[in-house]
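# A structural walkthrough
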Amino acid sequence: MLTLVTGCRGRVGSTLVSLLHRGGHAVRAASRKPGELSLPPGVPSVACDLGDPGTFADALAGVGSVFLYAEPSHVTEFLAAARTAGVAHIVLLSSSAVLGPDAASDPIAASHHAMEQALGDSPLTTTFLRPGAFAGNAYQWSESFRSGRPVELPYPHSRTSPIDEADIAEAALAVLTDTRLRGAAYHLTGPESLTAAEQVGLLAAASGSPVTVRTVSRAAWKESVSPSLPEEIAEALLDYWATTAGSPAELTGDIEKLTGRPARTFAAWAAGHAAAFRA
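Attention in this report is confined to the structure presented alongside it. (Residues numbered from 1 in each chain as written. Predicted model: local features only at pLDDT ≥ 70, side-chain atom pairs only at ≥ 80, totals over all residues. Heavy atoms only, no water.)

This next bit is on the sheet that holds strand β9 (residues 185–188). Strand order in this open sheet of 7 strands is β3-β2-β1-β4-β5-β6-β9, and the pairing throughout is parallel. Strand pairing shows two members of the sheet lacking a second neighbour, β3 (45–47) and β9, which therefore form its edges. Strand-to-strand, the axes of this sheet are offset by a mean angle of 20°, without reference to chain direction. (Pairing = 2+ DSSP bridges. Helix = DSSP H or I, 4+ residues; strand = E, 2+ residues; numbered from the N terminus. Axes fitted to C-alpha atoms, helices over the stretch in contact; angles between N-to-C directions.)

Judged by how many residues are buried, strand β2 (residues 27–31) sits mostly within the fold: 5 of 5 residues are covered. Burial of β2 is two-sided: the residues V27, A29 and S31 facing one way and the residues R28 and A30 facing the other way are all buried. In this sheet, β2 lies alongside strand β1 (residues 3–5) in parallel orientation, the contact comprising 3 bridges. Within the sheet, the bridge partner assigned to T3 lies in β2 and is V27. (Buried < 20%, exposed > 50% of the residue type's maximum accessible area, 1.4 Å probe, protein only.)

What follows is about the packing of helix α8 (residues 218–225) against helix α9 (residues 231–244). In contact at an axis separation of 10 Å, α8 and α9 are set at 140° when each is read in the N-to-C sense. It follows from the interaxial angle that α8 and α9 lie oblique. Between α8 and α9 lies a crossing of right-handed hand. Taken together, the residues of α9 that come into contact with α8 (itself represented by R218, W221, K222 and V225) are E231, A234, E235, L237, L238, D239, W241 and A242. (Parallel < 35°, antiparallel > 145°, perpendicular 65-115°, else oblique. Left-handed = near helix turned anticlockwise from the far one by under 90°. Contact = heavy atoms within 4.5 Å.)

Take S95: it is sitting in the loop between β5 (89–93) and α4 (110–120). Assessed through its relative accessible area of 12%, S95 is described here as buried. Discounting residues that sit within four places of it in the chain, S95 has contacts with H112, L129, R130 and P131.

Of note, S31 is situated in strand β2. In contact with S31, not counting residues within four places along its chain, are R9, L37, V46, A47 and C48.

Close approach of charged atoms allows side chains of opposite charge to pair. Taken as a whole, this structure holds 14 salt bridges when the rule is applied. In this structure, the salt-bridge partner of D239 is R218, at a minimum N-O distance of 2.8 Å. Taken as a pair, D239 in helix α9 and R218 in helix α8 lie far apart in primary sequence, 21 residues in all. By relative accessible area, which is 41% here, D239 ends up partly exposed. Under the relative-accessibility criterion, R218 is labelled partly exposed at 28%. (Salt bridge = Lys/Arg side-chain N within 4 Å of Asp/Glu carboxyl O.)

Here we take up the nonpolar core. Ranked by size, the top nonpolar core spans 30 residues in total, and within it V5, L16, F67, L129, L188 and L258 carry the most contacts. Residues within four places of L16 in sequence aside, it is in contact with V5, F67, A169, A172, L173 and L176. By size, the runner-up hydrophobic cluster in this structure holds 26 residues, among which are L2, L60, V75 and F128. (Core = buried A, V, L, I, M, F, W, Y, C linked by side-chain atoms within 4.5 Å.)

For helix α7 (residues 196–207), with 12 residues, the first-to-last C-alpha span of 17 Å sits near the 16 Å given by 1.5 Å per residue. For α7, the elements touching its buried residues are α5 (142–147), β7 (151–153), β8 (159–160), β10 (194–195), β11 (213–215) and α11 (266–272). With its phi angle positive at about 70°, G208 sits one or two positions after the end of α7. (Expected span 1.5 Å × (residues − 1).)

Treat this as a map of the structure, not an account of what it does.
Structure follows, in structure tokens:
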């Protein structure tokens, strides 16, 4: 069965393509700019812009399963094209944010919620992967590490269970290749509840770069990220961190359930990516 992997410029999608290819599974890598992809030899690429229905038919030709990113603007057209192409199974990279009480109106969860609703109403078999905070979110602090400046945190004691993107890709591999795992929803977390300050400390230990944490106001943090982060997303993140300050993050065993081994620790992720945090 040929699998179409969308969003192959991202860390999860690119890793999944390599895993499928290495395992002998037929895979096609999709991206808005396929010419910019770095793929294993022998893996074909195709243009697929989830915001442009004109790209759907060619991308889905001959495809049996799809790994799909949460871009809801033309999900109805994508699902229609998938049914026409004979797709049997879609794995959606959703988010644990959909588990919140106001997912439909939450700026962080809304696109994932809309995708889950559309796929849930479709006759296609769908599997939902709902990861929480990505370990790779820590890259936002890399410039502070390299410049020797303090890492500025509005809620240093906010807790998450950061998950390695490689674990998400391996979970996706499992549900794409084992029919027994299809049609369910999986809440993917890392193996431990860590504060933001503890994550900074683990990065400092792994990189050998001494760094301090400075607590800043909501307004100051929002101003610092304004060039790259929409205000409504920034506000939603601040509200989330405020509610999770001092509260243990939820941990699940779904990574081990799907992959047969425990989720990777954040310390292991930090060790593997330490070069990005060295001056």
